[in-house]
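If you want the building blocks of each chain, they are given just below.
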Amino acid sequence: MAKKQETARRMVSVTIPRGRKQEENFVIVSVNGRSWKIMKGVQVQVPDYVAEVLENARMMADEARRYVDRMAD
């Protein structure tokens, strides 16, 4: 019972922006052998460590865009 309460306290709300029409309308996140299929454009509750993975992926995508822009100049 205590484990369920601990997990419930660590849930956070995330919304992944919708992509283009050609892109999938979901993102799959895997952490330590567990996977979550998260719909884009819908606010969902996920464990805080899944939200951290999504945030890290967003930051790395932003950094990759900046790098490509610098190399194109």
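Please read these numbers as outputs of a predicted model, since none were measured by experiment.

Procedures and definitions
- Residues numbered from 1 in each chain as written.
- Predicted model: local features only at pLDDT ≥ 70, side-chain atom pairs only at ≥ 80, totals over all residues.
- Heavy atoms only, no water.
- Helix = DSSP H or I, 4+ residues; strand = E, 2+ residues; numbered from the N terminus.
- Buried < 20%, exposed > 50% of the residue type's maximum accessible area, 1.4 Å probe, protein only.
- Contact = heavy atoms within 4.5 Å.
- Areas by Shrake-Rupley, 256 points an atom, 1.4 Å probe, with all protein chains shown as cover.
- Core = buried A, V, L, I, M, F, W, Y, C linked by side-chain atoms within 4.5 Å.

*Asks:* If you had to explain the overall build of the protein to someone new, which residues and values would you point to?
*Replies:* For the protein, the helix and strand inventory stands at 2 helices and 4 strands. Along its sequence from the N terminus, the protein presents helices and strands in the succession α-β-β-β-β-α. Looking at the protein residue by residue over its 73 residues, the buried ones come to 16%. Counting contacts in the protein only where the partners sit at least 6 residues apart, residues at least 24 apart contribute 46% of the total. Only carbon and sulfur atoms are counted for the fraction: they give 53% of the accessible area of the protein, which is about 6,200 Å².

*Asks:* Break down the nonpolar core for me, with residues and values.
*Replies:* Val14, Ile16, Val29, Val31, Trp36, Ile38, Val46, Val50, Ala51 and Leu54 together form the largest nonpolar core, which totals 10 residues. Breaking this core down by element, the ones donating at least two residues are strand S2 (26–31), strand S3 (34–39) and helix H2 (48–72). When residues of this core are assigned to their parent elements, the largest contribution, 3 residues, is made by H2. Those residues in contact with Leu54 that sit more than four places away from it in its chain are Val14, Ile16, Val27, Val29 and Ile38.

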